[in-house]
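Remarks on the overall topology
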Amino acid sequence: MNEQIVKIDQSWYKELKDEFKKDYFDNLRRFILQEKSQYMVFPRGSQIFSAFNLTPIDKVKLVIIGQDPYHGQGQAHGLCFSVQPGVKIPPSLLNIYKELKTDLDFKIPNHGNLEYWAEQGVFLINATLTVRANSAGSHQNKGWEIFTDTVIRKLNDKCNNLVFLLWGRYAQAKEKIIDPSKHLVLKAAHPSPLSAYNGFFGCKHFSKSNDYLQNHGKKPIDWQIPIYDATTLF
């Protein structure tokens, strides 16, 4: 009997179990263990597959692709652009909130935790799922991109009428493995302060996504994130 070797939702494990047995993934695993023996690595092991565990493959409606996890202490928890309550909202996420406010009269919450979206079917996946502390991009080109390309292919092949939000060139590199005749692909500049004014602000991706989902018989995303009561966090 095959034992599940990673802590990942069963629906995803069924689709990806062969990847975990491949040489590249074995090399990736060894690399991460070596990194952990010398440095702090984010997110912690139990959170690496948070996006998969919060959004089973059959529940996915919309996909947002990030680059790699936040590399600061306490930030990354397995969802792209998201941070846990109590952590300062990062600039890129704040710009996402600002676009939501313009697009859908969104009220900016007091935190940056996007689990509310994930639980509704927003698959928040980074192209690289781990990073060395304080070293952006340090786990790129070690195997994660092969894995996440497979993830996008599975979504493309197994699902219909998904929305893919591709912000910035890194995410847009995944466009070649998405079939636009089956899914809606929306592209814009990255929400980083360095590029948000070059086409992210004003893209209206959130209302366009909901229009598409509704037109294909799916429940739209409630983008309004509940405010956390700080007294419940401890």
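My aim in this report is to walk through the structure given alongside it, one point at a time. These numbers come from a predicted model, not from an experiment.

Centre distance and the angle of the planes are the two values used to describe a pair of aromatic rings. Taken as a whole, this structure holds 23 aromatic pairs when the rule is applied. Seen in terms of ring centroids, Phe-25 and Phe-147 are 5.6 Å apart; in terms of plane orientation they differ by 50°. Their pairing is tilted. Residue Phe-25 is located in helix H2 (residues 23–38), and its partner Phe-147 is located in helix H6 (residues 144–158); the two are separated by 122 residues in the primary sequence. For Phe-25, a relative accessible area of 3% puts it in the buried group. Judged by its relative accessible area of 0%, Phe-147 is buried. An aromatic cluster is defined as three or more aromatic residues linked by ring pairs; in this entry it consists of Trp-12, Tyr-13, Phe-20, Tyr-24, Phe-25, Phe-49, Phe-52, Phe-123, Trp-144 and Phe-147. Directly above the aromatic system of Tyr-39 lies the positively charged group of Arg-132, at a separation of 4.0 Å from the ring centroid.

What the largest pocket holds in volume is close to 480 Å³. Lining the largest pocket are 27 residues; nearest its centre among them are Gln-67, Asp-68, Pro-69, Tyr-70 and His-190. Of the residues that constitute the lining of the largest pocket, the class distribution is 12 nonpolar, 14 polar and 1 charged.

Burial within strand S5 (residues 163–167) is extensive, with 5 of its 5 residues counted as buried. The two faces of S5 match: Val-163, Leu-165 and Trp-167 on one face and Phe-164 and Leu-166 on the other face are all buried. In terms of strand pairing, strand S2 (residues 62–66) meets S5 through 3 bridges, oriented parallel. Residue Leu-62 lies in a different strand from S5, and its bridge partner there is Val-163. Strand direction decides the pairing type here: S5 and strand S6 (residues 184–188), joined by 5 bridges, are parallel.

What counts and what doesn't
- Numbering of residues starts from 1 in every chain and runs along the sequence as written.
- Residues qualify for local features only when their pLDDT is at least 70, as the model is predicted, and side-chain atom pairs are given and counted only at 80 or more; totals for whole chains, interfaces and linings, by contrast, use all residues.
- To obtain the side-chain values, all non-hydrogen atoms of the structure were used and water was disregarded.
- Here a pair means two rings of Phe, Tyr or Trp (six-membered ring of Trp) with centres within 6.5 Å. Their orientation is stacked below 30 degrees between planes, edge-to-face above 60, and tilted elsewhere.
- Comment: elements are numbered from the N terminus, with helices defined as DSSP H or I runs of at least four residues and strands as E runs of at least two.
- To sort residues, take the accessible area from a 1.4 Å probe on protein chains only and compare it with the maximum for the residue type: under 20% means buried, over 50% means exposed, and anything in between is partly exposed.
- Placement of a charge over a ring requires the Lys NZ or Arg CZ to be within 6 Å of the ring centre, with the centre-to-atom vector within 35 degrees of the ring normal.
- Lining residues are defined by having an atom within 4 Å of a point belonging to a cavity or pocket. Those points lie on a 1 Å grid over the protein atoms alone, cavities being sets where a 1.4 Å probe fits but cannot get out and pockets being open sets with protein on both sides within 12 Å along at least five of seven lines.
- Grid points are joined across faces, edges and corners, and a volume is the space filled by probe spheres set on the points.
- Think of it as three bins: nonpolar holds Ala, Val, Leu, Ile, Met, Phe, Trp, Tyr, Cys and Pro, charged holds Asp, Glu, Lys and Arg, and polar takes everything else, Gly as well.
- Note: two strands are recorded as paired if DSSP finds a minimum of 2 bridges between them.

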